[in-house]
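What follows is each chain in one-letter form.
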Amino acid sequence: MNKLLILALALAGTSSVTAGVCVASVKANNQEENPVYLEFPEYLNGGSGHEDDPFLIRSSKDWDTFVSRLTSSIDDNPTQRGVYYKLEEDIRVYKQAGNHTKSLQFAGVFDGNGHSITYYESSKKDTCGLFGSNSGIIKNLTTYGYISGNSNVASICAYNYGLIDNCTNYMTITGSKQYIGGIVAINGSDSQVGYVKNCTNYGDISSTSLTSLYKANGTCVGGILGFGYDYGDTIIESCYNYGNVFGISMLGGIVGQCKKNPSSTNLGIYKCKNYGDVKYNTETEEISYAGHIGGIVGYLGDGVNVKECSSSGTVVGYSGRNDSYWRGVGGIVGSFYKSNIADCLSFSDVSSYYMSGGIVGYCEKTYSKTIENCLATGKIHADLENAGGIIGRTNGVAVNNNIGATTIDCGKDSGPIIGKVGSSVTQTGNLVYSLSLNGKELFKIIGMFDYNQTYTSSEASNLMSLISDLKNNLSGNNDLDLLNSTFPLNKLNTYEDELDDIIAHLKTFEEEE
């Protein structure tokens, strides 16, 4: 609170209607003494700003008041560090919290409380989103509307150095340049951790740029994040994308690009699923540098790991007509450098001019990296060459215990596991499976099932009938082998065990009606 306001009220001898109290600590010789209780003037419709009594936001006017405390000098705590807010109603707002730079970060706690904010912004500015920059906690919030800007454009916030948890976006997000994300545009930094967990995107996310300006760095467009730094314990976990993703290069259903961090030991991207299509923008030309495109991540830098992720959306690129642009297109990862990919499932059809893979399009250079215990079942196409059931083209990688069950369409250098084998490649325990169409559809249902979705009784019944029909009509040579093998996304189960859990879950919706 503004200290001058407290002093003025005291000197005037006036009494102010209060919303609660704020606890401040008085320090002497760097030692905390007894807390002093300072009264907040009531400026919202209730609450005191504490964890057990947050300020309440019930209207667009309340939101404007909240925004004003972040963008002016009326408060001696302009970032609202340690201050709690809770949304009490679905509202429509017209102002961004923060500003169009990353300098003024929200550092408090904003609880959407299961409610939604509708927000529209169409500008030629950078740093567009409901929040400009966050180093606090934003959670339990749903967004509707539309946002269009230049670079650093997303629904919840442009820059995240804190925690974004359980947020859902239905906005269409468009940027004319780069770093465009469904939830966050840029997550973390070279020295700051950013967490994004349990978030879902349903909106289409795109960069409209078709210029050669982004040949080197890519447009970096993702269903959840546009660009992510992998610093310290940064984790993208349990995030789902249902929207379509469009741009030039470095496109991913979850993350467009994760920057390298050799010292990182964290899991990186964990338990995420992509249902949307990820495609290069074909409005005017077939762009030879349209690569680094993946169902989960477009480009993985050094030290970033992907584990227990799955994708079913179509993945399309067009890199490689000019050999100087070696950019892969893959069902899980487009290209990666020195990282680990494990326990992932791809049901995505993948297509490019060059270097297409069921899991990874291109493994760069001869640095140590691994791809293990993954399954791919889609159609893999390359116009020219290098199409593989697991990897399109590779160097310096250990490829272990993967299953290639894809259909390959390629003119040259193709294979059920690796299309083009380079130097320093080891292969152990990989299998080539023949699955029926019914089998592929059944395993897709198992691998992509979203336990967070709700169903009507009839929808649940129809899905259970489809599952039963598929299971009773398996004809592939390896359908039953896979059904009885360990399910990578939950190693306590076989695929059949997981199917039983899905059916049990669906039956609860039948019982509710």
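Within each chain, residue numbers correspond to sequence positions counted from 1 in written order. Reporting of local features is limited, given that this is a predicted model, to residues whose pLDDT is at least 70; pairs of side-chain atoms are given and counted only at 80 or more, and all residues count toward the totals for whole chains, interfaces and linings. Calculation of side-chain values draws on the structure's entire complement of heavy atoms; hydrogens and water are dropped beforehand.

(A) Local environment of the overall build of the protein chain. Within the protein chain, the secondary structure is distributed over 6 helices and 53 strands. Considering the protein chain as a whole, with its 513 residues, one finds that 57% of them fall into the buried category. Residues are treated as being in contact if the distance between any of their heavy atoms lies within 4.5 Å. A separation of at least 24 residues holds for 80% of the contacts in the protein chain among residues at least 6 apart in sequence. Here, Shrake-Rupley sampling with a 1.4 Å probe gives the accessible areas, and only protein chains in the shown set may cover a residue. As displayed, the protein chain offers around 20300 Å² of accessible surface, 45% of which is attributable to carbon and sulfur atoms. Runs of H or I in DSSP of at least four residues are treated as helices and runs of E of at least two as strands, each being numbered from the N terminus. The cut-offs for exposure are 20% and 50% of the maximum accessible area for each residue type, with area from a 1.4 Å probe on protein chains only; residues under the lower value are buried, those over the upper are exposed, and the others partly exposed.

(B) Expanded view of the pattern of salt bridges. A pairing counts as a salt bridge when a side-chain nitrogen of Lys or Arg comes within 4 Å of a carboxyl oxygen of Asp or Glu. Applying the stated criterion across every chain yields a total of 5 salt bridges. Between Lys279 and Asp277 there is a salt bridge, with its nearest N and O atoms 4.0 Å apart. Lys279 sits in the partly exposed class, given a relative accessible area of 28%. Its relative accessible area of 22% is what places Asp277 among the partly exposed residues. Here Glu496 ties to Lys471 by a salt bridge, and the two come within 2.7 Å at their closest N and O atoms. Of the two residues, Glu496 is situated in helix H6 (residues 495-512) and Lys471 in helix H4 (residues 457-471); the sequence distance between them amounts to 25 residues. Exposure remark for Glu496: the relative accessible area of 24% places this residue in the partly exposed category. Judged by relative accessible area, Lys471 falls into the partly exposed class, the value being 29%.

(C) Main features of unusual backbone geometry. Of note in this structure, Cys220 is not a glycine but carries a positive phi near 55°. Classification of Cys220 by relative accessible area gives buried; the value is 0%. Of note in the backbone geometry, Glu308 takes a positive phi value of approximately 55° without being a glycine. Counting through the fold element by element, Glu308 comes out in the loop between strand S34 (305-307) and strand S35 (310-311).

(D) Focus on the state of the cysteines. Defined by distance alone, a disulfide is two cysteine sulfur atoms within 2.5 Å. Tallied over the full model, the rule gives 0 disulfides. Cys344 forms no disulfide, and the closest cysteine sulfur to it belongs to Cys374, at a distance of 4.7 Å.

(E) Seen up close, the nonpolar core. Only buried residues count toward a nonpolar core, which is a set of Ala, Val, Leu, Ile, Met, Phe, Trp, Tyr and Cys residues joined through side-chain atoms within 4.5 Å. Counting 89 residues, the largest nonpolar core has Trp63, Phe66, Phe110, Ile269, Val306, Ile341 and Ile371 as its most contacted members. Here Ile341 is in contact with Leu300, Val306, Val333, Phe336, Ile359, Val360, Thr370, Ile371, Glu372 and Cys374, once residues within four sequence places are set aside. Grouped together as the second largest cluster of nonpolar side chains are 29 residues, Tyr240, Tyr433, Leu435 and Phe487 included.

(F) How the structure looks around the packing of aromatic side chains. Two rings from Phe, Tyr or Trp (for Trp, the six-membered ring) form a pair when their centres are within 6.5 Å of each other. A pair whose planes differ by under 30 degrees is stacked, one over 60 is edge-to-face, and the rest are tilted. Within the structure shown, the criterion is met by 24 aromatic pairs. Ring plane angle 45° and centroid distance 5.4 Å describe the contact between Phe106 and Phe131, whose orientation is recorded as tilted. Taken together, the residues Phe106 in the loop between strand S7 (91-93) and strand S8 (109-111) and Phe131 in strand S10 (residues 131-134) connect sequence positions 25 residues apart. Take Phe106: its relative accessible area is 1%, and that puts it in the buried class.

(G) Structural view of helix H3 (residues 437-448). Taking 1.5 Å of rise per residue, 12 residues should cover 16 Å, and H3 covers 16 Å from first to last C-alpha, within 8% of that figure. Buried within H3 we find Gly439, Lys440, Leu442, Phe443, Ile445, Ile446, Gly447 and Met448. Take the number of residues in a helix, subtract one, and multiply by 1.5 Å to get its expected span.

(H) Quick peek at the sheet that holds strand S18 (residues 184-187). Two strands qualify as a pair provided DSSP detects at least 2 bridges between them. Here 10 strands make up an open sheet; going across it, the order is S10-S13-S18-S23-S28-S33-S38-S42-S46-S51 and the pairing parallel. Here the strands that pair on one side only, and so sit at the sheet edges, are S10 and strand S51 (418-421). The average undirected angle you get between the axes of adjacent strands in this sheet is 10°. Taken together, the 3 bridges between S10 and strand S13 (residues 157-160) define a ladder with parallel strand orientation. Helix axes use the C-alpha atoms of the stretch in contact, all axes being lines fitted to C-alpha atoms, and the angles between their N-to-C directions lie in the range 0 to 180 degrees.

(I) Structural context of the environment of Phe347. Structurally, the position occupied by Phe347 is in the loop between strand S40 (345-346) and strand S41 (350-357). Under the relative-accessibility criterion, Phe347 is labelled buried at 6%.

(J) Broad picture of the pairing of strand S12 (residues 142-149). Across 7 bridges, strand S9 (residues 116-122) lies against S12 in parallel orientation. Bridging across to S12, Glu121 finds its partner in Ile147. One ladder, built from 2 bridges, connects S12 with strand S15 (residues 168-169); its direction is parallel. Residue pairing in the sheet places Thr142 in a bridge with Thr168 of S15. Sheet topology note: the S12/strand S16 (residues 172-175) ladder contains 4 bridges and is parallel. Paired with Tyr146 across the bridge in S16 is Thr172.

(K) Summary view of the packing of H3 against H4. Look at H3 against H4: their axes get within 9 Å of each other, and the N-to-C directions meet at 140°. By the angle between their directions, the pair H3 and H4 is classed as oblique. Relative to H4, the crossing made by H3 is left-handed. Contacts from Asn438, Glu441, Leu442 and Ile445 of H3 reach H4 at Leu463, Leu466, Ile467, Leu470 and Lys471. Working rule for angles: under 35 degrees goes down as roughly parallel, over 145 as roughly antiparallel, 65 to 115 as roughly perpendicular, anything else as oblique. Here a crossing is taken to be left-handed if its near helix is turned anticlockwise relative to the far helix by less than a right angle, and right-handed if that turn runs clockwise.

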